[in-house]
Structure formats: structure tokens, C-alpha cells
Amino acid sequence: MSIETKSDTEHGGGTTTHLRHRVVAWYEGVKRPGLVLVAVVFLFYSPTLFADFILDDLRNLRLFREYAAGQRASLDIYEFVPGGEENVTAREAGRYSWWWVGEELRYRHCRPASEWFLYAEYRLFGDWAPGFRLVGLALYAAGVCLLLALFRLVGGGEQRARWAALLFAVAACHAIPVTFISAQCDVLALVAVVGAMVAVGHYVRDGGVWRVLVGVALYAVGLCTKEVVLPAAVLPLCFGLAIGGRPGSWRRTFVSVGALAVVGAVWFGCYVSGGYGSNAVLMQDPVHMPLDYLAALPGRAVLLLSTWLIPVNPFLFRFHPEWSGALPVYAAVGAAALAAVGVMYWRRHRGDRSVLAMALWVLPFIPLLACTPPDDRVMALPSIGFAFLGATWLVHPRPGRRLGLRRLPFVLFVILQGGTALATTGVMHFMEYEARRHLRIMVAAFERDVRGGDQIFMLNTTRSFEALMAQDRLCRVLGREDVRVSILSDIARPKVTALPDGRTIRLEARDAAFFSSFLGMMSTSRDQPRKVGDVYTAGAFRAVIREVDQARGEVLAVELEFDEDLGNDSYRFFWSDPNKPPALWVP
């Protein structure tokens, strides 16, 4: 499967004979590589076209239906927790599956372009998931093709540009944005930013005021798709560095940065004044809590940057507390790998302006991304720089000036990254399938047809995925909205006691305090610590915090007071086991 070819070397002229795989040689020489990249995207992700909605998609469908029916004044699909009385109303109505969302919690994003784009898809496709997914794949394919143009503009040769685009197409950290419908905001941001930078890059190189105007307009649209676009205002500096030397190029670079920065500053002012952002304890706030943010920044940055060398999402360690002990090991290995690769690039490529430019491309995004728990799905825009650097390593001549692709980066960036992307999409949809299967098991435990007002209660949480959007998932399973599911605690092994009054359950922490899991911490405000006597109403019951470790601020006991006797026929309680289906618990 190899062919012998001759190529002019970049060092000293002459020709070098080398063996190249037929597919590699074909891809490097094909006349329309953009079509190949589109085909790769659609073939690579084609299995997801047969999957149903998951997680936030289910909530969004409900919001779209309500908006279309005139039951809500605005979409607000990215205002997950608006705060204030709206939190109380949603909690009592069962829109939050867990009861501990207080009035003080806020988790809001301003992404009007993304939410209206998704709503347009809803008007077109209804609840037909493959239609949404086809649009997502088309957007991603368009972004990859635009990236090919961007990489050509940066320089480094056609071979490097083509491989950089391919590495980006199969990168593991893009699996969720590409296949998770609610995360289409990331793909829209990708298209907007890359389109803007291609226009600005041509302006820096060749001039033409209309190009920078197009770039500014696309950047403004991008800001309305997702907040991560904000740092892109400084990316024209990468073009100034890579292209450099042309008359007026640096002047045009600074004009571009200035124009984008003005738009970014206006958007940021509106974002802050609108009360957007999050005050959950897992989120960092560099404006109001700069010291905490600076303390967390280095560790989070290492974890995010490591995802291209270690294709394991660090978010898994936070999502599964039992794995948290491995996170320092992951960080240490990642830091060592980053240092080693950094030294290698410095020794081999420090004179290559395009490599330096694309290494700098990554950096502006990390301070903003470090505000959230490390999760590789936020890395789409920084990945542009990583893909170019990976391609540089991949095509760099080996000793003896043999020009075949290097095996190690091929394994790292094509086989491992691509394999992890496929595994990620498969696991996500399998977990959704299992979550629905477990809900059906719990519904079957009624041993009769479910009726309006029936209640399912989960005493503990061993599968955080299943707790997320549980109510909307149940509505999807049953095709009705009058049966409710509630998560009573966020930890795996609380001590459960039915009190003598017959209507109250006491939960006591054993291995871990309440609200110490990812689910609990993302639903806990840093502005107001929980205290003994706090009461949360949640439809069929009210929760009262009974014991708090004041020194550590940990909740150790809660009591749940139900409207009816615990043995009421409309109630079913379940205990979750990580290796078994939910088991019926009888008071």
C-alpha cells in the first residue's frame, strides 16, 4: 500500500526518494481537499445521525414548544438558572430535578444568535433529531474548510495546511460540540471566528478596508454565539507575526486589533451590566474574586492544554468523584508532556514564524476558559493552534531528510484523538439510553399505569448524567408531563432513615458531605453559604437543612418532609447502585 515518490527537499535542493502510503499521497495531491474534509466529517460522525436528543436538548425542546405556543415571552435557552423568584417557581414546578437550587444561584449566558439559530432548526425539523444533527455536521464541515484557508494564509506550505485541517476535523475535544445539539453554539462560534480571521488575515496581508469590516461583523456575530469568542480580538497579532515584513502589514494588524477590541469591549460591558455569568462555587470570577481565580488558573490551564496530548477529558474526574484521586496524576503527566513537546518545538522550529504565531493563537483563550471546570469540549477555538502545531510535527522531515509522516504524532493526533472522539459520542448516547431504560424500570415499579401526580424519588446519586435533565427526560420517555422525578441527594451513600411521623425522611452524610459532588457544587452559590434551618420547597415535599459543619461549611444532614405518607400509592422511592438498575426502597 505504499508508493515511491520523489520530492524536492527544503534543505539544500536535490531530490529525496521516500515511501508514502497511497492514501497519504492521494490526500496531499488531491485537487479539492475541501471536499475530502467534508466527506471525512460526515463519514466520521455519521453514526450520531441515528441518535435521539440528550441532556439539554430535551430541555430546549420544551422551551421551544412553550415559546411557539406563546407560553413564554422569550427563549432564554442558555439562561439555565436565572436567579430570584424564577428559581423558586421552577423548583416548585419540577423544572429542576433536584431541590437545592436556591434563589441566590445564578447561571446565565447571553447567546442570542445561537438560541435563535436553534429555534429556527426547531421550526424546520420539530423534534426530528437527525435534522438538527445534519445541520451541526454541515456547520462543522464549513468550519473545517474555512480552517484550511486560514492555515494556508498563515503559511508553512500546502502539505501542512491540509494535515492541520484534518487533525482538527478528528480531534477528540470536538466530539461533544459537533454531536450535542445544544452545543451547536461552539460550532457556530467556530465558523464565525474562523471566517472573521480569514477576512482579517487577508486584510493584514493585502489591505482592503472591506475585509476588516467583514471580519468585525463576523466577530460581532460570534460574540452573540458564545462568550469564548471574546479573546479572538487579539488574534490578528498572529497574522502580523506570521505574515510580517509586507509594507503596512503591522499597521493593518493593529487597526484590526483595535476595531475588534472596541466591539469586544462594548459586548463585555453589556454582558456584565445584564447580570450574565455564574456564581456557582465551581465557577471562577476573575472580576469579583481575582485571588481565587489566579490560584486556580495554572492548574486549570495545564489540564486544558494537556487534552491534545492526553485524549482523556479531565471533566470526567470532576463528574465522577471516585476518580478524583487520579486528577493530580493526569495534571503531572500532562505538564511533563507539555514541557517536553515545548522544548522539542523550540529546538526544531523557533525560526518558523508560522509555528510561533499558531502557538500564540492558543494562549488568549485559556484565561477565559479557566473560569469553568476543565472540560475539553470548550477547546474548539484553541484547537486551531494545536492542530497547526500537530501538523508541523507530523510532516517535519525525519533524520536523513525522509519526508514520510512521523508515526508518533500520527498515532497521537489521528488514531488516538479520532478513536477517542468516536468513543465519546458512543458513550454519551449509551448513557442516555441507559438513563431512559432506568426511568422505564422505575415507572414499571408502580405495577399499574402511571397517573397524573405520580412521583419518583431518587434517594441518592451514583450516575450524575442521569440526574441531569431527569424531568425532561421522563417527559420524553412517557410522552406526558404530569409525572415527576426528583433527586433527593447528590451523593452516593447517604444514611436514610424514615422518621416516626410517617412523612419525613432524614438523610445523613457518610462518605461525603451533601452538595460536594459536581451536581451539588454547580447548584450551590458562593454568595450565600447554606445554614441550619434553610428551607427549600419542591412541589411534593419541602427540604430542611438540619446539620452543618460550621468549620468546613459542609451540610451533614437534611430532612425531607412530604405532603403525603411515605407509603402513599403515588410515591415510589429508589436507591441507585452504580452497577445495577435502580432498586425500589420501601420506607
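Just so it is clear, the structure is predicted and the values come from calculations on it, not from any experiment.

Participant: Whenever I open this one, the pairing of strand β11 (residues 541-549) confuses me. Can you help?
Facilitator: Within a regular beta strand, the side chains point alternately toward one face of the sheet and then the other, so they alternate between its two faces. Judged from the 3 bridges that link them, strand β10 (residues 535-537) and β11 form a sheet pairing that is antiparallel. Bridge pairing links tyrosine 536 to alanine 543 in β11. The hairpin turn running from β10 into β11, its antiparallel successor, is 3 residues long, and glycine 539 in that turn takes a positive phi close to 75°. Across 8 bridges, the pairing between β11 and strand β12 (residues 554-562) is antiparallel. By the bridge assignment, valine 544 is partnered in β12 with glutamate 559. Here β11 hands over to β12 after 4 residues, with glycine 553 in that stretch at a positive phi of 65°.

Participant: Looking at this model, I keep getting lost on the sheet that holds strand β14 (residues 580-585). Mind explaining?
Facilitator: Backbone-to-backbone hydrogen bonds pair the strands of a sheet. The strands run either parallel or antiparallel. Judged by pairing direction, the sheet is mixed, and its 4 strands sit side by side in the order β7-β6-β13-β14 without closing on themselves. Of all strands in the sheet, those bounded by a partner on one side alone are β7 (484-487) and β14. Each strand axis lies, on average, 30° off the axis of its neighbour in the sheet, ignoring direction. Across 4 bridges, the pairing between strand β6 (residues 455-458) and strand β13 (residues 571-577) is parallel. Across the sheet, residue methionine 458 finds its bridge partner in β13, namely phenylalanine 574.

Participant: What is the right way to look at the sheet that holds strand β5 (residues 277-278) in this model?
Facilitator: If you trace the 3 strands from one edge of the open sheet to the other, you get β3-β4-β5, paired in antiparallel fashion. Each edge of the open sheet carries a strand with a single partner, namely β3 (79-81) and β5. Sheet topology places strand β4 (residues 107-108) next to β5; 2 bridges connect them, and they run antiparallel. Paired with arginine 108 across the strands is glycine 277, a residue of β5.

Participant: Would you explain empty space enclosed by the protein in this entry?
Facilitator: Think of a ball as big as a water molecule: rolled over the atoms, this probe shows where empty space is left. For the structure shown, the criterion picks out 4 cavities of 30 Å³ or more. There is about 150 Å³ of room inside the largest cavity. Along the walls of the largest cavity sit 16 residues, with Met458, Arg463, Glu466, Ala467 and Ile487 positioned nearest its centre. Considered class by class, the residues forming the lining of the largest cavity number 9 nonpolar, 5 polar and 2 charged. Approximately 50 Å³ is the volume attributed to the second largest cavity.

Participant: How do you make sense of the side chain of arginine 108 when you look at a structure like this?
Facilitator: Within the secondary structure, arginine 108 is located in strand β4. Looking at arginine 108, its side chain comes within polar contact range of the side chain of glutamate 79, at 3.0 Å. In this structure the side chain of arginine 108 is engaged in a polar contact, spanning 3.1 Å, whose partner is the backbone oxygen of glycine 275. In contact with arginine 108, other than residues within four places in its own chain, are Tyr78, Glu79, Val81, Pro82, Tyr271, Gly274, Gly275, Tyr276 and Gly277.

Participant: Even after reading the chapter, I still don't get the environment of proline 373, so can you show me in this structure?
Facilitator: Of note, proline 373 is situated in the loop between α17 (366-369) and α18 (383-395). Taking the C-alpha atoms as reference, proline 373 lies 29 Å from phenylalanine 457; in sequence the two are 84 residues apart. Residues in contact with proline 373, not counting those within four places in the same chain, are Leu282, Met283 and Arg300.

Participant: Teacher, can you tell me more about the packing of helix α2 (residues 33-44) against helix α7 (residues 158-169) here?
Facilitator: Geometrically, a packed helix pair is captured by the angle between its two axes and the distance between the axes. In the contact formed by α2 and α7, the axes pass within 10 Å of each other and the chain directions differ by 15°. By the angle between their axes, α2 is roughly parallel relative to α7. Every pair of crossing elements has a handedness; the one defined by α2 and α7 is right-handed. Together, Pro33, Leu37, Val40 and Val41 of α2 and Glu158, Arg162, Ala165, Leu166 and Ala169 of α7 make up the contact between the two elements. Of the residues belonging to the contact of α2 with α7, the class tally is 7 nonpolar, no polar and 2 charged.

Participant: Looking at this model, I keep getting lost on α2. Mind explaining?
Facilitator: Helical geometry: 3.6 residues make up each α-helical turn, so side chains three or four residues apart lie on a common side. Its 12 residues place the ends of α2 16 Å apart at the C-alpha level, agreeing with the 16 Å of an ideal helix rising 1.5 Å per residue. Among the residues of α2, Pro33, Val36, Leu37, Val41 and Phe44 are the ones counted as buried. End-on view of α2: buried residues confined to an arc of 135°, all on one side of the axis. Those residues of α2 that are exposed and angled more than 90 degrees off the buried face are Leu35 and Leu43. In this structure, the buried residues of α2 make contact with α1 (22-29), α6 (129-154), α7 and α19 (407-444).

Participant: How should I be thinking about the layout of surface pockets in this particular structure?
Facilitator: The space that makes up the second largest pocket amounts to roughly 900 Å³. Considering the residues around the second largest pocket, the lining is formed by 37 residues, among which Phe319, His320, Pro321, Glu322 and Ser464 are closest to the centre. Residue assignment for the lining of the second largest pocket shows that the elements contributing at least two residues are α13 (290-306), α14 (315-319), α19 and α20 (464-467). Tallied by class, residues from the lining of the second largest pocket come to 18 nonpolar, 9 polar and 10 charged.

Participant: Please explain the side chain of serine 576 as it appears in this structure.
Facilitator: For serine 576, the location among the structural elements is in strand β13. A polar atom in the side chain of serine 576 sits 3.2 Å from the side chain of arginine 463. Discounting residues that sit within four places of it in the chain, serine 576 has contacts with Met458, Asn460, Thr462 and Arg463.

Participant: Can you help me understand a nonpolar patch on the surface in this one?
Facilitator: A cluster of nonpolar side chains, namely Val234, Leu237, Trp250 and Phe254, defines an oily patch on the protein surface of about 350 Å² accessible area. Tracing the backbone through its elements, the reader meets leucine 237 in helix α11 (residues 236-243).

Participant: Would you take a moment to explain unusual backbone geometry for this structure?
Facilitator: A negative phi holds for most residues other than glycine; trans holds for most peptide bonds. Even without being a glycine, leucine 55 presents a positive backbone phi close to 45°. Within the fold, leucine 55 resides in the loop between α2 and α3 (56-68). Its relative accessible area of 8% is what places leucine 55 among the buried residues. Despite not being glycine, aspartate 76 has its phi angle at roughly 55°, a positive value. Inspection of the secondary structure assignment puts aspartate 76 in the loop between α3 and β3. Overall, the relative accessible area of 23% leaves aspartate 76 in the partly exposed class.

Thresholds applied
- Residues numbered from 1 in each chain as written.
- Predicted model: local features only at pLDDT ≥ 70, side-chain atom pairs only at ≥ 80, totals over all residues.
- Heavy atoms only, no water.
- Pairing = 2+ DSSP bridges.
- Helix = DSSP H or I, 4+ residues; strand = E, 2+ residues; numbered from the N terminus.
- Axes fitted to C-alpha atoms, helices over the stretch in contact; angles between N-to-C directions.
- 1 Å grid on protein atoms, 1.4 Å probe; cavity = no way out; pocket = protein on both sides within 12 Å on 5 of 7 lines; lining within 4 Å.
- Points joined across faces, edges and corners; volume = space filled by probe spheres on them.
- Nonpolar A, V, L, I, M, F, W, Y, C, P; charged D, E, K, R; others polar.
- Polar contact = N/O pair within 3.5 Å; in protein donor to acceptor, adjacent residues only side chain to side chain.
- Contact = heavy atoms within 4.5 Å.
- Parallel < 35°, antiparallel > 145°, perpendicular 65-115°, else oblique.
- Left-handed = near helix turned anticlockwise from the far one by under 90°.
- Expected span 1.5 Å × (residues − 1).
- Buried < 20%, exposed > 50% of the residue type's maximum accessible area, 1.4 Å probe, protein only.
- Arc of directions from axis to C-beta.
- Patch = residues over 30% accessible without salt bridge, like charges linked within 9 Å, V, L, I, M, F, W, Y side chains within 5 Å.
- Areas by Shrake-Rupley, 256 points an atom, 1.4 Å probe, with all protein chains shown as cover.
- Salt bridge = Lys/Arg side-chain N within 4 Å of Asp/Glu carboxyl O.

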